[in-house]
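# Analysis of the macromolecular model
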Amino acid sequence: MIKLPGLIDPHVHVREPGQTHKEDWDSATQAALAGGVTLILAMPNTKPPIFDHSTLALALDAAKQKARCDHAQFVGAGPDNADLLPVLAPQAAGLKMYLDSTFGELRLDDMTLWMPHFLKYPKDYPIVLHSESRTMAAGILFAAIYDRPVHIAHISLKEEVLLIKAAKERGIKITCEVCPHHLFLSKDDIPAIAHGYPGRGEVRPRLATKEDVDALWKNMDVIDCFATDHAPHTIQEKDSDNPPPGFPGLETLLPLLLTAVDLGRLTFDDVIQKCVLNPRKIFHLPEQPETWIEVDENAQYEIHAADQFTRCGWTPFEGWKVKGKVRKVVLRGQTAFEDGKVTVEKGYGRNIRDR
């Protein structure tokens, strides 16, 4: 049995408010604890999106009632809310900007809509970009122009990691994250994931080529964080004629990383740096006192959706053989998960931005 700090996942779609048939603060935080994650940062593209005082209050009230692990909530950049978001910054995990590949009121297609957010959002709080390829390059340019830290979500391509490397070498204030599905899967794996249902392979950013995957591994020193982009949709939705993009990931993050450690592709220090220390620094998160996880590094088993707490009912890693199992999670001195059972009540989780 090995002891690790509680993990931080800076990219989680909780789906509450608006789509609680997929997930809510209760099921998402149970899934987090089962995966050894003791702090999640929730994304704002809910229904309605979290982009003003009332919608932030809606999300935080639900979290206060239901969350079993600690948490914070992002606010979303819209085309006309740049003036009010700075007031909300102390209550939020950070500002999320969708430069492409999202739906509804949070997509910012025009770079003139980016400018007021970069100008006005307090530099003490992070801006996170959903950006891919060329919009990512534009986001790095904005970081340089406005001289402020910017975190790039879920990089997936060789060109992205090489550009981020070059930007860091020039002192531009850029950090980035990568998701396990972009490290362990390529587009060649979609038939095995899909089982005849192509929608199960839909994710944004899309699964890339083996060359892209190899480039991410070769440039692991450029990558600051591991994040799941836990994006649950029900199996019925994924198998429909109009499948939404996204994979669940909270419960498979650590088993996949520990398997990579066993294979010599990562070290335990890599896991701690990219799942705890770097996210804490980037997002200005407090340490969680008396918080740790206990892992049986020798436990070998198969991943099955039937064993998971997420409400969505499937995983792209179904049947994968992994090595390393979470046995116990202690959160702020109290056992929160042990031997497959969540042992804290709804509402035990704290909003880490509460003063």
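Everything numeric in this text was worked out from a predicted model, so none of it was measured.

## Considerations on the packing of aromatic side chains
Using the criterion set out here, one finds 9 aromatic pairs in the structure. Judged by centre distance (6.3 Å) and plane angle (75 degrees), the rings of Phe309 and Phe337 are edge-to-face. Of this pair, Phe309 sits in the loop between β11 (292–302) and β12 (321–331) while Phe337 is found in strand β13 (residues 334–338), placing the two residues 28 residues apart along the sequence. We classify Phe309 as partly exposed; its relative accessible area is 25%. Three or more aromatic residues joined by ring pairs form one cluster here, namely Trp114, Phe118, Phe142 and Tyr146. Over the aromatic face of Trp292 sits the side chain of Lys3, whose NZ or CZ is 4.2 Å from the ring centroid. When the ring centre of Trp217 is taken as reference, the NZ or CZ atom of Arg265 above it lies at 4.0 Å.

## Observations regarding the sheet that holds strand β4 (residues 70–73)
Taken together, 3 strands build an open sheet; the order of strands is β2-β3-β4 and the sheet is parallel. The open sheet has two edge strands with one neighbour each: β2 (7–12) and β4. Neighbour-to-neighbour, the strand axes of the sheet open up by a mean angle of 15 degrees, direction not taken into account. As judged from the 4 bridges shared by β2 and strand β3 (residues 37–42), these two strands associate in the parallel manner. Within β3, the position partnered with Asp9 by the bridge is Ile40.

## Digging into empty space enclosed by the protein
Which parts of space are left empty comes out when a probe the size of a water molecule is rolled across the atoms. Inspection of the entire model under this criterion finds 2 cavities of 30 Å³ or more. Its boundaries defined by the atoms lining it, the largest cavity holds a volume of some 40 Å³. What lines the largest cavity is simply Pro180, His181, Thr228, Pro248, Gly249, Thr252, Leu253, Leu256 and Phe317. Of all the secondary-structure elements, those providing two or more residues to the lining of the largest cavity are α7 (180–184) and α11 (253–262). Of the residues assigned to the lining of the largest cavity, the class counts are 5 nonpolar, 4 polar and no charged. Considered class by class, the residues forming the lining of the second largest cavity number 2 nonpolar, 5 polar and 1 charged.

## Examining the sheet that holds strand β10 (residues 225–226)
The strand order across the open sheet built from 6 strands is β5-β6-β7-β8-β9-β10, with neighbouring strands paired in parallel fashion. Looking along the sheet, the strands with just one partner apiece sit at the ends: β5 (75–76) and β10.

## Description of the nonpolar core
The biggest cluster of nonpolar side chains holds 96 residues, and the ones touching the most others in it are Met97 and Ile155. For this core, the leading source of residues is α11, giving 7 residues. Leave out the neighbours within four places in its chain, and Met97 touches Ala77, Leu108, Trp114, His117, Phe118, Ile127, Val128, Leu129 and His130. By size, the runner-up hydrophobic cluster in this structure holds 17 residues, among which are Met43, Leu106, Cys225 and Ile352.

Analysis parameters
Residue indices begin from 1 for each chain and proceed along its sequence in written order. Confidence filtering applies because this is a predicted model: local features only for residues at pLDDT of at least 70, side-chain atom pairs given and counted only at 80 or more, and all residues used for totals across whole chains, interfaces and linings. As a convention, hydrogens and water are excluded, and side-chain values are obtained from all of the structure's heavy atoms. Only the six-membered ring of Trp is used, alongside the rings of Phe and Tyr, when aromatic pairs are assigned; centres must lie within 6.5 Å, and planes under 30 degrees apart are stacked while those over 60 apart are edge-to-face, with the rest tilted. Counting from the N terminus, the helices are DSSP H or I runs at least four residues long and the strands are E runs at least two residues long. Accessibility here uses a 1.4 Å probe with only protein chains present; expressed as a share of the type maximum, an area under 20% marks a residue as buried, one over 50% as exposed, and anything in between as partly exposed. We call a charge positioned above a ring when the Lys NZ or Arg CZ atom is no farther than 6 Å from the ring centre and deviates by at most 35 degrees from the ring normal. Only strands that DSSP links by at least two bridges are regarded as paired with each other. Throughout, an axis means a line fitted to C-alpha atoms (over the contacting stretch in the case of helices), and angles, computed between N-to-C directions, take values from 0 to 180 degrees. Any residue with an atom within 4 Å of a point lines the site, the site being either a cavity, points on a 1 Å grid over the protein atoms alone where a 1.4 Å probe fits but cannot get out, or a pocket, an open set with protein on both sides within 12 Å along at least 5 of 7 lines. Grid points are joined across faces, edges and corners, and a volume is the space filled by probe spheres set on the points. Side-chain classes follow a simple rule in which Ala, Val, Leu, Ile, Met, Phe, Trp, Tyr, Cys and Pro form the nonpolar group, Asp, Glu, Lys and Arg form the charged group, and the remainder, Gly included, forms the polar group. What we call a nonpolar core is a set of buried Ala, Val, Leu, Ile, Met, Phe, Trp, Tyr and Cys residues that are connected through their side-chain atoms within 4.5 Å. Throughout, a residue-residue contact means that at least one pair of heavy atoms, one from each residue, lies within 4.5 Å.

Worth remembering: the numbers are spatial, not functional.
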